[in-house]
Amino acid sequence: GENVEQHPSTLSVQEGDSAVIKCTYSDSASNYFPWYKQELGKGPQLIIDIRSNVGEKKDQRIAVTLNKTAKHFSLHITETQPEDSAVYFCAASPQGRLYFGRGTQLTVWP
Amino acid sequence: KAGVTQTPRYLIKTRGQQVTLSCSPISGHRSVSWYQQTPGQGLQFLFEYFSETQRNKGNFPGRFSGRQFSNSRSEMNVSTLELGDSALYLCASRAGTELYNEQFFGPGTRLTVL
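Residues numbered from 1 in each chain as written. Chains lettered and ligands numbered in written order. Predicted model: local features only at pLDDT ≥ 70, side-chain atom pairs only at ≥ 80, totals over all residues. Heavy atoms only, no water.

S.K.: Looking at this structure, I do not really get the state of the cysteines. What am I missing?
M.R.: Disulfides are covalent bonds that link the sulfur atoms of two cysteine residues. Residues and elements named next belong to chain A. Within this structure, the stated rule accounts for 2 disulfides over all chains. Paired by a disulfide, Cys23 and Cys90 hold their sulfur atoms 2.0 Å apart. Because the torsion about its S-S bond is -100 degrees, the bridge between Cys23 and Cys90 counts as left-handed. Taken together, the positions of Cys23 in strand E3 (residues 19-25) and Cys90 in strand E9 (residues 86-92) put the pair 67 residues apart, joining distant regions of the chain. (Disulfide = S-S within 2.5 Å. Helix = DSSP H or I, 4+ residues; strand = E, 2+ residues; numbered from the N terminus.)

Below, the structure written as structure tokens:
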């Protein structure tokens, strides 16, 4: 089955700096790549996603890039704020089922 | 539109017991998936139901089962509980008519097995 690797496992940045989280996947059949943010005591919240026919997508301070040839995709958060602190998960989906990375604990210091 | 709801939010059981968790998807969504989240294994797929039929299944023992009702609400059951079943169980719903549909998660049920 699909194998998703996510790096780094922890990331600390100063408020206003950018944060980048990277993921790789193994199954070339994967065609949908969502990113989730999970705050303490809550379920994962979908923040952005990208499909395999698109190379980049942006939504305000958040952007995601996808390189199908290299089988990797990344999340970019610009102008980070303390409320961005959470665990972020990448996922890959070959046919509806989600395979998740192990998560990145992002801490934004004021 | 109301989000995905899960009940109960917290459960404490002892080894050998069984448990049933409930999930109500977003109105209009026909697909419900279940995931187990633990610190050691991360987020793992259990199964997906669409129109009352199991459409996909992860690598979990037969003690884990589920079903979906005609109103799309879903339940999952774990029999003969083990200590290792302690986890956050998450339900996710999507429209289900296309493979790319976004999945929206509920808050989860925190199960503790003593």
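Here the narrative resumes.
S.K.: Looking at this structure, I do not really get the packing of aromatic side chains. What am I missing?
M.R.: Describing an aromatic ring pair means giving the distance of the ring centres and the angle of the ring planes. Counting across every chain of the model gives 13 aromatic pairs over all chains. With a centroid separation of 5.6 Å and 70 degrees between ring planes, the pair formed by Trp35 of chain A and Phe73 of chain A is classed as edge-to-face. Residue Trp35 of chain A is found in strand E4 (residues 32-38), and its partner Phe73 of chain A is found in strand E8 (residues 72-77); the two are separated by 38 residues along the sequence. Between Arg55 of chain B and the ring centre of Phe50 of chain B, over which it is positioned, the NZ or CZ distance is 4.3 Å. (Phe/Tyr/Trp six-rings, centres within 6.5 Å; stacked < 30°, edge-to-face > 60°. Lys NZ or Arg CZ within 6 Å of the ring centre and 35° of its normal.)

S.K.: Sorry if this is basic, but what is going on with the layout of surface pockets here?
M.R.: Empty space among the atoms becomes apparent when a probe as large as a water molecule is rolled across them. Each pocket or cavity is described by its volume, and for the largest pocket that value is around 580 Å³. Lining the largest pocket we find 23 residues, and of these Gln38, Leu40 and Val87 of chain A together with Gln37 and Arg110 of chain B sit closest to its centre. At the level of elements, E9 and strand E11 (104-109) of chain A together with strand E4 (31-38) of chain B are the ones that each hand at least two residues to the lining of the largest pocket. What lines the second largest pocket is a set of 15 residues, and nearest its centre among them are Glu2, Tyr99 and Phe100 of chain A together with Leu43 and Gln44 of chain B. Those elements giving two or more residues to the lining of the second largest pocket turn out to be strand E10 (99-100) of chain A together with strand E5 (42-50) of chain B. Of all the elements, E5 of chain B adds the most residues to the lining of the second largest pocket, at 3 residues. Considered class by class, the residues forming the lining of the second largest pocket number 7 nonpolar, 5 polar and 3 charged. (1 Å grid on protein atoms, 1.4 Å probe; cavity = no way out; pocket = protein on both sides within 12 Å on 5 of 7 lines; lining within 4 Å. Points joined across faces, edges and corners; volume = space filled by probe spheres on them. Nonpolar A, V, L, I, M, F, W, Y, C, P; charged D, E, K, R; others polar.)

So, to be careful, I would describe these as geometric facts and stop short of saying anything about function.
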